[in-house]
Amino acid sequence: PCYHTSCMRRLLKRVRGLNRSRATILAVLISISVYLLAQSVRMEYYIRIGEDLAVKAVPFSRTVPDATFRILVVGDSTAVGTGATTSTASVAGLLGQRYPQAEVLNLGVNGSKMRDIVRQMDQVTGVYDLVIIQGGGNDTVRFTQPGELMRDTLHVLALASIHGKHVMFGSTSN
């Protein structure tokens, strides 16, 4: 080691440089931590809003004696109408308003994945003029394996073709 004054000055500059680097790194880490905390609080807020909407959502269904048209709706929160201002503002409700002579059976359940929609379709008896399937979003956010999703989707579509003269499939988003 060199104990000469010029060597000591160079060493002090390096140490100060390291302290500045560490201070910069610490400042960046603190900033990232604050940002992540804020995002966590924000996400919790939106999750609570979603949970409140899901609790309040009621699927639109309507029985019409001697109905001239029968509609079956199955699926997730989109089928239920979660997020719509009222059940009549959901897809099923809008169809019910547009076609007052139509019977509408809505078996949608908040949070359903495609495998759950298979179980919804297993409850169905009879033939409908239109079967609307709204699902897939929960499989995406819950990372359902592609093979499993494909199998369940094809199963739902096969059951829908048995119970429906016409089948409409829509995925994600209200």
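Okay, so let's go over this structure. Because the structure is a prediction, the values reported are computed rather than measured. (Residues numbered from 1 in each chain as written. Predicted model: local features only at pLDDT ≥ 70, side-chain atom pairs only at ≥ 80, totals over all residues. Heavy atoms only, no water.)

Ranked by size, the top nonpolar core spans 14 residues in total, and within it Leu 72, Val 74, Met 121, Ile 133 and Val 156 carry the most contacts. Looking at which element gives the most residues to this core, the answer is helix H4 (residues 114-122), with four residues. Excluding its chain neighbours within four sequence positions, the residues that come into contact with Met 121 are Leu 72, Val 74, Val 156, Leu 159, Ala 160 and His 163. Formed by 10 residues, the second largest nonpolar core is a distinct cluster that contains Phe 60, Ala 92, Ala 102 and Leu 130. (Core = buried A, V, L, I, M, F, W, Y, C linked by side-chain atoms within 4.5 Å. Buried < 20%, exposed > 50% of the residue type's maximum accessible area, 1.4 Å probe, protein only. Helix = DSSP H or I, 4+ residues; strand = E, 2+ residues; numbered from the N terminus. Contact = heavy atoms within 4.5 Å.)

Considering the arrangement of structural elements, one finds Pro 100 in the loop between helix H3 (91-98) and strand S2 (102-106). Overall, the relative accessible area of 55% leaves Pro 100 in the exposed class. In sequence terms Pro 100 and Val 64 are 36 residues apart; their C-alpha atoms lie 8.6 Å from each other. In contact with Pro 100, not counting residues within four places along its chain, are Arg 62 and Val 64.

To continue, consider the pairing of strand S3 (residues 128-134). Where burial is concerned, most of S3 is hidden: seven out of the seven residues are buried. Both strand S1 (residues 69-75) and S3 contribute to a ladder of five bridges, which runs parallel. Paired with Leu 72 across the strands is Val 131, a residue of S3. Across six bridges, the pairing between S3 and strand S4 (residues 164-170) is parallel. When the bridges of S4 are listed, Tyr 128 appears paired with Gly 164. (Pairing = 2+ DSSP bridges.)

All quantities given are derived from atomic positions and should not be read as evidence of function.
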